[in-house]
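# Geometric and topological summary
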Amino acid sequence: MSTHPNTVSVNDRTYNWPTAPVVIVCIDGSEPDYIEQAIAGGHMPFLAKAIQGGADLRAHCVVPSFTNPNNLSIVTGRPPAVHGISGNFFLDPDSGNEVMMNDPKFLRVDTIFKAFHDQGAKIAIVTAKDKLRSLLGHGLDCSSGRAVCFSSEKADQTSLAGNGIENAQAMVGREIPSVYSAELSEFIFDAGVKLMDSMRPDIMYLSTTDYIQHKHAPGTPVANQFYAMMDSYFVQLDAMGATLALTADHGMNSKFNAEGAPDVIYLQEVLDDMLGAEKGRVILPITDPYVVHHGALGSFATAYLSEDTNADEVASKLRAMPGIEAVYDRAEGCRVFELPEDRLGDLIVVSTKNKVIGTSSDRHDLSQLKEPLRSHGGVSEQTVPLIVTKPVKDLPTGGQFRNFDIFNIALNHVA
Ligand SMILES: [Zn+2]
């Protein structure tokens, strides 16, 4: 038997060593309504029963309510002001280029996984898209035999040295699914059950993709089927003795107008009209290479303004626009949302529940949006589930739960 400490501290939080495997699931884009309606419709029989004895809480995610900032908040236990991942995409002040935030060089702290792994814990991480894998697995020594980290997207390209497993696809025994499919997420849960059996990790993290949630509203047949699929794996993980804790990186809302077209504020066009060309530069942190389901349209933007521009005046004018929920200057927005000031623009702009913010109409290809737009990014998508399948005790009181409290609750507050 290996020896290990009773607790592990990382990023100013302390976690108990798990006495049974803990499986943290980040259900991408899981607006609380999805699980509520799936349970009400009888599609999640395991979870319906489990939450009666466990915890069925709601939490706030990080704004911008996007995938990367929230996944990294969950796995570090801290907001982006601490870990540095403020979007899927940002304007790198060092290079002046707009770049993806997938590179671990942008991550400023260790993950909870690394802290436990360094003390001898076995860690398994399976995510849908490869864009998150290197951030989530950063610092893990996969050649140790105690860490597995791969994406279903690239499960056919894994190696022992890089992912802790040779040919993960063969272990799962499924075709590599399309990156735009429900199967990409099912692959994760199938892998999770097989890894629980073969490796029995101390901590497992499963992070899905929101492809279904972008297309299908809560309670619709396809959404219910997706949640029923997850429930069928939750029951298996539970039967293997795992404690399951579920949350989401962000919610999801409809973002279309009466005609069914995306309800967009093209902020770059607004600023160009207001200030003249080249005075403002809009960055959309939702941007990623997988735009088919959201057209790079979300409810959060940041704007860089030229030095001779009066930012307060621009902010006031934007606040007066219909569909704009809030406009902050950099310092105030970063204080409110706990974001790193060096990675946001002069203004932070959030749109209302059913509106999205784009750059200019010619820069968004909406031809591939087959269903009316559903998206996220704003404060309106901040409420997410926080569910534990085992009884909990001594929960912190008096504050708002955050999705990045989930390791604390799963490791420190399960009875
Ligand atoms: Zn997401």
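Residues numbered from 1 in each chain as written. Predicted model: local features only at pLDDT ≥ 70, side-chain atom pairs only at ≥ 80, totals over all residues.

## Quick notes on the overall build of the protein chain
Our working rule: A run of H or I in DSSP counts as a helix once it spans at least four residues, and a run of E counts as a strand once it spans at least two, with each numbered from the N terminus. Each radius of gyration is computed over the set of C-alpha atoms, and the globule rule expresses the reference value as 2.2 Å times the number of residues to the power 0.38. Counting other C-beta atoms within 10 Å of its own, a residue is labelled buried from 20 upward, exposed at 12 or fewer, and partly exposed in the gap between, with every C-beta atom placed from the backbone.
Each helix and strand in the protein chain was counted, giving 15 helices and 19 strands. For 415 residues, the compact-globule estimate of 2.2 N^0.38 gives 22 Å, and the C-alpha radius of gyration of the protein chain, at 21 Å, lies within 12% of that figure. Its C-alpha atoms give the protein chain principal-axis dimensions of roughly 65 × 45 × 45 Å. For the protein chain, buried positions account for 55% of its 415 residues.

## Section: the sheet that holds strand β14 (residues 300–305)
Cut-off, in case you're wondering: Think of it this way: DSSP has to see at least two bridges between two strands before they count as a pair. Lines are fitted to the C-alpha atoms to define the axes, a helix being fitted only along its stretch in contact, and any angle between axes, read from their N-to-C directions, falls within 0 to 180 degrees. Note on contacts: residues are paired as contacts if their backbone-placed C-beta atoms lie within 7 Å.
With antiparallel pairing, the four strands of this open sheet are ordered in space as β13-β14-β16-β15. On the outer flanks of this sheet lie β13 (280–283) and β15 (324–329), each paired with one strand and no other. Taken over all neighbouring pairs, the strand axes of this sheet differ in orientation by 20° on average, direction set aside. This element, helix α12 (residues 267–275), spans β13, β14 and β16 (347–351) of the sheet and lies at about 170° to β13. Sitting on the sheet, helix α13 (residues 311–319) touches β14, β15 and β16, and the angle it makes with β15 is about 170°.

## Re helix α3 (residues 67–76)
Counting buried residues along α3, 10 of its 10 residues qualify, which places the element largely inside the surrounding structure. Among the residues of α3, Thr67, Asn68, Pro69, Asn70, Asn71, Leu72, Ser73, Ile74, Val75 and Thr76 are the ones counted as buried. One or two residues past the end of α3 sits Gly77, with phi positive at roughly 80°.

## Some details on α12
To be explicit about the condition: Summarising the geometry, the arc corresponds to the directions from the helix axis toward the C-beta atoms.
The set of residues buried in α12 consists of Leu267, Gln268, Val270 and Leu271. Considered in projection along α12, the buried side chains sweep an arc of 160° and stay on one side of the axis. On its buried face, α12 sits against β12 (264–266), β13, β14, β16 and β17 (356–358). Of the residues trailing α12, Gly276 is marked for its positive phi of about 95°.

## Overview of the domain arrangement of the protein chain
Interface extent is often summarised as the accessible area lost during association of the parts. We count it as follows: The split into domains, and so the bounds of each, comes from an automatic or database assignment of domains.
Domain assignment breaks the protein chain into domain 1 (7–252 + 377–412) and domain 2 (264–375). Centre-to-centre, using C-alpha coordinates, domain 1 lies 27 Å away from domain 2. Taken residue by residue, the interface counts 30 residues in domain 1 and 31 residues in domain 2. Only α4 (80–83), β5 (89–91), β6 (98–100) and α10 (211–215) provide two or more residues apiece to the side of domain 1 that touches domain 2. Tallying contributions element by element places α10 first for the side of domain 1 that touches domain 2, with four residues.

## A closer look at the pairing of strand β19 (residues 383–388)
Of all six residues making up β19, five are buried, and the element is well covered by its neighbours. Note: strand β10 (residues 243–247) against β19, three bridges, orientation antiparallel. Its bridge partner being in β19, Thr247 is matched across the sheet by Leu386.

## Topic: unusual backbone geometry
Here the bond from Val63 into Pro64 is cis, since omega is 10°, no more than 30 degrees from zero. Along the chain, Pro64 turns up in the loop between β4 (55–60) and α3. For Arg200, which is not glycine, the phi torsion reads 45° and is therefore positive. With respect to the helices and strands, the residue Arg200 is situated in the loop between α9 (183–198) and β9 (203–207). With a phi angle near 60°, Ala296 is a residue other than glycine that sits in the positive phi range.

## Some points on the sheet that holds β4
Strand order in the open sheet formed by seven strands is β4-β19-β10-β3-β9-β7-β8, and the pairing between neighbours is mixed. Two strands close off the open sheet at either side, each with one partner strand: β4 and β8 (147–151). When the angles between neighbouring strand axes are averaged without regard to direction, this sheet yields 10°. Two elements, strand β3 (residues 22–26) and β10, share five bridges in a ladder whose sense is parallel. Paired with Val25 across the strands is Leu246, a residue of β10.

## Things to note about the packing of helix α2 (residues 45–53) against helix α11 (residues 221–239)
The following threshold applies: Orientation labels follow simple angle bins: below 35 degrees gives roughly parallel, above 145 gives roughly antiparallel, 65 to 115 gives roughly perpendicular, and whatever is left gives oblique. As a working rule, the residues Ala, Val, Leu, Ile, Met, Phe, Trp, Tyr, Cys and Pro are called nonpolar, Asp, Glu, Lys and Arg charged, and the rest polar, with Gly in that last group.
In contact at an axis separation of 7 Å, α2 and α11 are set at 55° when each is read in the N-to-C sense. By the angle between their axes, α2 is oblique relative to α11. Contact residues: α2 offers Pro45, Phe46, Leu47 and Ala50, while α11 offers Asp231, Phe234, Val235 and Asp238. Classifying every residue of the contact of α2 with α11 gives six nonpolar, no polar and two charged.

## With respect to the environment of Met199
Within the secondary structure, Met199 sits in the loop between α9 and β9. Separated by 52 residues in the primary sequence, Met199 and Ala147 have C-alpha atoms spaced 9.5 Å apart.

## A word on the environment of Gly241
Among the structural elements, Gly241 can be located in the loop between α11 and β10. It is 7.1 Å that separates the C-alpha atoms of Gly241 and Pro21, two residues lying 220 residues apart in sequence.

## Things to note about the packing of helix α1 (residues 32–40) against α11
The contact between α1 and α11 brings their axes to 9 Å, and the two run at 85°. With respect to each other, α1 and α11 are oriented roughly perpendicular. Between α1 and α11, the contacting residues are Tyr34, Ile35 and Ala38 on the first element and Ala223, Asn224, Tyr227 and Ala228 on the second. Partitioning the contact of α1 with α11 into residue classes produces six nonpolar, one polar and no charged.

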